[in-house]
Amino acid sequence: HELKYRYDQEFEHLVDRYCTYGPPDVVIEGLRKYVEAGTSHFILAPILDRERRREDLERYAKEVLPALRKMTPAPVP
């Protein structure tokens, strides 16, 4: 619902193609695919429940960011 509100369009058919979401291990693996394809920079815009925002950001910082920092992008040919 947040993506629909934020971008003023339906996202159900696009979310799995363009978004990485879920528990930290799923997010890490989703981001790993981009890194393996050569991505070296991300613009991350977590969409979080207002009531859990701080808790979720702390979990993200503790679990996802360290794993992301250890990834090395594939060389660009």
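First, a word on what this report is: a plain description of the structure on this page. (Residues numbered from 1 in each chain as written. Predicted model: local features only at pLDDT ≥ 70, side-chain atom pairs only at ≥ 80, totals over all residues. Heavy atoms only, no water.)

### Points about the nonpolar core
To keep things clear, this is the line we draw: What is meant by a nonpolar core is a set of buried Ala, Val, Leu, Ile, Met, Phe, Trp, Tyr and Cys residues, joined one to another through side-chain atoms within 4.5 Å. Relative accessible area decides the class of each residue, using a 1.4 Å probe on protein chains only: under 20% of the type maximum gives buried, over 50% gives exposed, and in between gives partly exposed. Secondary structure elements follow DSSP: runs of H or I of four or more residues count as helices, runs of E of two or more count as strands, with numbering from the N terminus.
Residues Val27, Ile28, Leu31, Val35, Tyr60, Val64, Ala67, Leu68 and Met71 constitute the largest nonpolar core, which totals nine residues. Elements supplying a minimum of two residues to this core: helix H3 (24-36) and helix H4 (53-69).

### As for the pattern of salt bridges
A pair can form between side chains of opposite charge whenever their charged atoms are brought close. The line we're drawing: A side-chain nitrogen of Lys or Arg and a carboxyl oxygen of Asp or Glu constitute a salt bridge if their distance falls within 4 Å.
Applying the stated criterion to the full structure yields five salt bridges. Glu29 is paired through a salt bridge with Arg32; the nearest N and O atoms lie 3.1 Å apart. In this pair, Glu29 and Arg32 both sit in helix H3, three residues apart, roughly one turn of the helix. A relative accessible area of 39% means that Glu29 is categorised as partly exposed. On the basis of relative accessibility, which here comes to 27%, the residue Arg32 falls in the partly exposed class. With a shortest N-O distance of 3.9 Å, Glu55 and Arg52 are connected by a salt bridge. According to the relative accessible area criterion, Arg52 is partly exposed, its value standing at 38%. Several salt bridges converge on common partners, so that one network encompasses Arg52, Glu55 and Asp56.

### Structural notes on the environment of Phe42
Quick note on the threshold: The contact rule is simple, with two residues in contact once any of their heavy atoms fall within 4.5 Å.
Looking at the secondary structure, you find Phe42 in the loop between H3 and H4. Relative accessible area serves as the criterion here: at 28%, Phe42 is assigned to the partly exposed category. Along the primary structure Phe42 and Val64 are separated by 22 residues, whereas in three dimensions their C-alpha atoms are 13 Å apart. Discounting residues that sit within four places of it in the chain, Phe42 has contacts with Leu31, Tyr34, Val35 and Leu68.

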